[in-house]
Amino acid sequence: MGYLDDLASDIDGWKRDGRYRKIKVWESGSDTWMTLNGRRILQMSSNNYLGLTHHPKLKEAASQAIDKYGVGSGSVRTITGTLDIHEELEIELATFKGTEAALVFQSGFTTNQGALSSILGPDDVVISDELNHASIIDGIRLTKASRKIYAHKDMDQLEAVLKETQHHRKRVVVTDGVFSMDGDIAPLPAIVQLAETYDAIVYVDDAHASGVLGKNGKGSTDHFGLHGRVHIQIGTLSKAIGAVGGYVAGAQLLKEHLIHTARPFLFSTSQPPAVAATCLAAIRVLQGSADLVTRLWDNANDFRTQLKQLGFDTGASETPIIPIIVGDPARTMRFSDRLLEAGIFAQGIVYPTVAMDKGRVRLIVTAQHTKEDLAFALNALQQVGREFGLIS
Ligand SMILES: *Cc1c(COP(=O)(O)O)cnc(C)c1O
């Protein structure tokens, strides 16, 4: 059997299960309304929480950086690829997060790969929430540390694992700050308390919490008032911040260690200068005003309340990530397709990303959605939801 026959048989299987998908090609930039096959579609699934992809200050910073530095950084960070704009961004991020230091990577994904594989050795144990992001799972796979998984947000299980792993050199508890599939928030105060009791390190990935939770979008540590008690904070620059990149915020010694050990930092070219400049401008916009974050939460809370009033199952959502639970994969994808016909893009998420019977469309409300946009979305959801018997 040729290798292409193997691939074709996998693909046929996905088609039979209703899991096969074609990538959609959008004809305009990330925004509330986007063009698909010449049609204007209301976007309800981007991570562009604050609409910063089009912010005039970010666009200006990007073009000025291109004029000054050109388009590429020319090297990895440790050779000639650290420009002053990268350093400025790291200083600004550390100030924003209230930590000693920050270190920027090319993406949130590589940040987790670099950070987890650097800090975890063979004598250590990593203790991870079962619903943590794929980049955490892969980062853990790159280490020789022992692994323990606790049921989602189950603090009794976490405590039991902390008790039974006391012989390990170092214990690292890893959690998403906001869980990306359900839009629920990690019980960080309880995690910190347990970690302090059992002398463990707390590692929180705030990809969906940066620019969203906490004062001016400073993240989950700020949201819960836990400054100084969370050891390692991961953030992404790709979601609410509007560009691409990731960072570790924490101790200066952690930063120095990562500079010597984190493989994506050492062996992959640094962010283009225009990207670093864009991220710097974004953090300054956030530091300057909480208006966008306030609008984001007003929109999200209104929209979630209205969906619930219509009778939709929004699962555990308590953030701008709002799933509508539909069921099996094929039905979920049909629901998403019908919404698209009605003018709404709501990404279907199905097995194996979520459980077989917990397929859902995942809505993400942004600060840029107007009341009219959200009313349009609710109306379409109500009609299609009735067609599918999800609401009466
Ligand atoms: C999206 C996401 C990432 C990856 O971030 P990128 O910058 O897009 O690579 C990492 N962790 C979590 C929890 C995420 O949701």
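- Under an unreviewed UniProt entry, the chain has the name 8-amino-7-ketopelargonate synthase and belongs to Paenibacillus marchantiophytorum.
- We quote the UniProt Function (unreviewed entry) comment for the chain here in full: "Catalyzes the decarboxylative condensation of pimeloyl-[acyl-carrier protein] and L-alanine to produce 8-amino-7-oxononanoate (AON), [acyl-carrier protein], and carbon dioxide."
- Under the UniProt heading Subunit (unreviewed entry), the entry covering the chain gives this text: "Homodimer."

## Structural notes on the domain arrangement of the chain
Here's step 1: Domain parsing of the chain yields domain 1 (17–46 + 290–387) and domain 2 (54–288).
Here's step 2: Computed from C-alpha atoms alone, the centre-to-centre distance between domain 1 and domain 2 is 27 Å.
Here's step 3: The partner domain 2 presents 19 residues to the 20 residues of domain 1 that form the contact.
Here's step 4: Of the roughly 1400 Å² buried where domain 1 meets domain 2, counting both sides, 62% is carbon and sulfur surface.
Here's step 5: Looking only at domain 1, the three residues that lose the most surface to domain 2 are Val-293, Glu-318 and Ile-321, adding up to 29% of its buried area.
Here's step 6: The tally of links between domain 1 and domain 2 comes to 2 salt bridges.
Here's step 7: The salt bridge partner of Glu-318 is Lys-153, with a shortest N-O separation of 3.9 Å.
Here's step 8: Of all the elements in the fold, those that place two or more residues in the side of domain 1 that touches domain 2 are helix 12 (291–310), strand 10 (321–327) and strand 13 (359–364).
Here's step 9: Here the side of domain 1 that touches domain 2 takes 4 residues from helix 12, the largest share from any one element.
Here's step 10: Among the residues making up the side of domain 1 that touches domain 2, the classes are represented as 11 nonpolar, 5 polar and 4 charged.

Basis of the calculations
Residues numbered from 1 in each chain as written. Predicted model: local features only at pLDDT ≥ 70, side-chain atom pairs only at ≥ 80, totals over all residues. Heavy atoms only, no water. UniProt positions renumbered as here; feature names shortened; annotations may be inferred. Domains from an automatic or database assignment. Contact = heavy atoms within 4.5 Å. Buried area = accessible area lost by both parts, 1.4 Å probe. Salt bridge = Lys/Arg side-chain N within 4 Å of Asp/Glu carboxyl O. Helix = DSSP H or I, 4+ residues; strand = E, 2+ residues; numbered from the N terminus. Nonpolar A, V, L, I, M, F, W, Y, C, P; charged D, E, K, R; others polar.

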